[in-house]
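Observations on the three-dimensional arrangement
Here is how the chains run, residue by residue.
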Amino acid sequence: MKKNILLVGTYCSLNKGDQLMQQVLVDHLTQESSKLQFCLSSPFPSIDRKCYKNISIVKSYRRNLVISTILIFLLLLLPRKLQKTISRATPELRRYYKADIVIDVSGDMLTEDYGIIVGISHSIPLILAALLNKTLVIAPQSIGPFKYLKKLYTCLLSKANIVLCREEITLQYLIGLKLSNLKKTGDIGYLLKPKPVKLKTGGNYFCVAPSALLEHKFQPLQSSPNFLSDFAQLLDTISVEHNLTTVLVPHVETPSGKISDHQACQKISRHMTSSHTILDHAIKPEECKFIISKSKFTIAFRMHAAIASLSSYIPTIAIAYSHKTVGVMRDLGLDGYVIRNKEDVFDELPPLVDDIITNHDKISQRIKMHVDPIKDNTSQALNSILEL
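Let us look at the structure shown here. (Residues numbered from 1 in each chain as written. Predicted model: local features only at pLDDT ≥ 70, side-chain atom pairs only at ≥ 80, totals over all residues. Heavy atoms only, no water.)

**Details of the packing of helix H13 (residues 303-310) against helix H14 (residues 323-331)**
Two numbers describe how H13 lies on H14: the axes approach to 10 Å, and their chain directions differ by 15°. As judged from the angle between their axes, H13 and H14 are roughly parallel. In terms of crossing hand, the pair formed by H13 and H14 is left-handed. In this structure, H13 contributes Met303, Ile307 and Leu310 to the contact, and H14 contributes Lys324, Thr325, Val328 and Met329. When the residues that make up the contact of H13 with H14 are grouped by side-chain class, the tally is 5 nonpolar, 1 polar and 1 charged. (Axes fitted to C-alpha atoms, helices over the stretch in contact; angles between N-to-C directions. Helix = DSSP H or I, 4+ residues; strand = E, 2+ residues; numbered from the N terminus. Parallel < 35°, antiparallel > 145°, perpendicular 65-115°, else oblique. Left-handed = near helix turned anticlockwise from the far one by under 90°. Contact = heavy atoms within 4.5 Å. Nonpolar A, V, L, I, M, F, W, Y, C, P; charged D, E, K, R; others polar.)

Here it is in structure tokens:
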């Protein structure tokens with residue numbers, strides 16, 4: 001008999017980070033056992049069905065707080081014998097009832113950083129798993145901080161069979177909440193295998209993974225009137241000084257189109273005069289990783305772009321606007337290659353690039369020394385899920 005595994009917490013496969021976490025997790029566990037059946041609870045099933053060929057997809061209602069609240073109260077109030085009847089209310093709830101293991105793959109959404117409503121939305125799958133007494137695994141991710149939802153999440157996380165923390169900052173934060181079911185690991189993205197693909201540019205290049213949040217996160221804090229145009233000029237300078245082509249790597253799109261890294265790349269491109277190219281936003285995560293793995297270095301505003309680079313032993317400069325990126329870089333001993341203060345991008349980036357060019361091989365070896373054990377640890381942690 002096959003074991004049913006329900007994946008929850010995802011947003012959409014248009015986010016390459018989301019996509020690779022689901023796919024790598026499924027591929028890895030399938031290699032360990034052929035007796036597994038996967039289902040993904042997705043807010044955007046029509047989009048995700050085109051992406052995941054070996055995973056069943058069911059509509060997720062976690063973003064509809066009215067429906068979710070009604071179902072939760074019914075499960076709370078009715079006796080256990082009637083829970084099976086209630087579980088037929090939606091296809092998603094039927095999948096919860098059938099599941100042997102529920103795995104939350106929220107990435108960095110178990111937090112209040114994105115607002116209290118988002119925090120509540122991502123608590124719904126954990127509540128449903130707890131009410132139905134399911135084996136619950138929190139896949140490697142960054143968690144917290146919490147303020148208003150601290151008690152709720154402390155309770156929910158304590159009910160998980162295991163909470164996998166992808167960096168030390170998360171681990172220490174959860175230890176501070178008196179949780180004991182914790183294990184330090186690495187991000188699932190470390191295990192993504194690159195797939196060869198041709199890049200339409202010749203010669204050496206460096207990769208830049210911009211974020212559509214650039215203007216929102218950076219513009220108000222810069223003295224310059226246009227962050228994107230100034231950043232484009234900075235990339236021109238780096239490109240010309242080091243005789244490198246710039247490859248702009250879009251990593252995140254949204255179904256609404258309101259957040260589009262590809263559009264951010266296009267805006268930067270319009271201001272650039274040096275040699276550069278933009279990757280197709282439809283490129284797969286494994287193809288994106290291959291291109292990054294052949295670059296001289298990476299400048300990453302997106303964490304999974306940074307992980308694609310680091311797991312390929314490529315020197316990486318990360319621009320961080322949350323603790324997840326700081327934590328990942330710190331675990332690799334790369335604190336000095338993180339730009340934390342948004343005001344300092346233009347001052348700090350050029351000397352960091354110069355340092356990487358000068359000490360490239362030494363930095364690459366240092367990354368490898370840290371990354372290889374993390375890969376092994378992450379693989380073992382995922383394998384342990386099947387032993388629960």
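**Some remarks on the nonpolar core**
Counting 43 residues, the largest nonpolar core has Phe206, Phe231, Leu235, Ile268, Phe297, Ile299 and Leu349 as its most contacted members. Top contributing element to this core by residue count: helix H10 (residues 227-242), with 7 residues. Excluding anything up to four places from it in sequence, isoleucine 268 contacts Pro210, Leu214, Leu228, Phe231, Ala232, Leu235 and Leu248. By size, the runner-up hydrophobic cluster in this structure holds 36 residues, among which are Leu71, Leu132, Tyr153 and Leu171. (Core = buried A, V, L, I, M, F, W, Y, C linked by side-chain atoms within 4.5 Å. Buried < 20%, exposed > 50% of the residue type's maximum accessible area, 1.4 Å probe, protein only.)

**Overview of the packing of aromatic side chains**
For any pair of aromatic rings, the description rests on two quantities: the centre-to-centre distance and the angle between the ring planes. Evaluated as defined, the whole model comprises 7 aromatic pairs. Residues tyrosine 11 and phenylalanine 44 carry aromatic rings whose centres are separated by 5.3 Å and whose planes lie at 80° to one another, so their mutual orientation is edge-to-face. A residue pair is termed long-range when its members are at least 10 positions apart, and tyrosine 11 in the loop between strand E1 (3-8) and helix H1 (16-32) and phenylalanine 44 in the loop between strand E2 (36-42) and helix H2 (45-48) qualify at 33 residues. Ring centres of phenylalanine 146 and tyrosine 173 lie 6.3 Å apart, and the angle between their planes is 45°; on these two criteria the pair is classed as tilted. In this pair, phenylalanine 146 is assigned in the loop between strand E5 (135-141) and helix H7 (150-158) and tyrosine 173 in helix H8 (residues 168-176), connecting sequence segments 27 residues apart. For phenylalanine 146, a relative accessible area of 7% puts it in the buried group. Following the ring pairs from residue to residue traces out a cluster consisting of Phe227, Phe231, Phe301 and Phe346. Here the guanidinium or amino end of lysine 134 rests over the ring plane of tyrosine 97, the centre of that ring lying 5.5 Å away. Stacked on the ring of tyrosine 313, the Lys or Arg lysine 368 has its end atom at 5.4 Å from the ring centre. (Phe/Tyr/Trp six-rings, centres within 6.5 Å; stacked < 30°, edge-to-face > 60°. Lys NZ or Arg CZ within 6 Å of the ring centre and 35° of its normal.)

**Things to note about the environment of leucine 128**
Along the chain, the position of leucine 128 falls in helix H6 (residues 116-131). The buried category is assigned to leucine 128, whose relative accessible area is 5%. Spatially, the C-alpha atom of leucine 128 lies 11 Å from that of glutamate 92, the residues being 36 residues apart in sequence.

**Describing the packing of H1 against helix H16 (residues 360-385)**
Orientation of H1 relative to H16, taken along the N-to-C sense of each, is 70°, at an axis distance of 10 Å. When the axis of H1 is compared with that of H16, the two are roughly perpendicular. Considering how the two elements wind past one another, H1 and H16 form a crossing that is right-handed. Residues Leu25, His28, Leu29 and Glu32 of H1 lie in contact with H16, whose contacting residues are Ser379, Leu382, Asn383 and Ile385. Across the contact of H1 with H16, the residue classes break down as 4 nonpolar, 3 polar and 1 charged.

**Some thoughts on the sheet that holds strand E8 (residues 205-209)**
Here 6 strands make up an open sheet; going across it, the order is E10-E9-E8-E11-E12-E13 and the pairing parallel. Sheet topology places strand E10 (276-278) and strand E13 (338-339) at the edges, where each strand pairs with a single neighbour. Pairing between strand E12 (residues 316-319) and E13: 2 bridges, direction parallel. For isoleucine 319, the partnering residue across the bridge sits in E13 and is isoleucine 339. Here H10 sits on the sheet in contact with E8, strand E9 (245-248) and strand E11 (298-300), set at roughly 160° to E8. Those strands touched by helix H11 (residues 261-271) are E9 and E10, and its axis lies near 160° from that of E10. (Pairing = 2+ DSSP bridges.)

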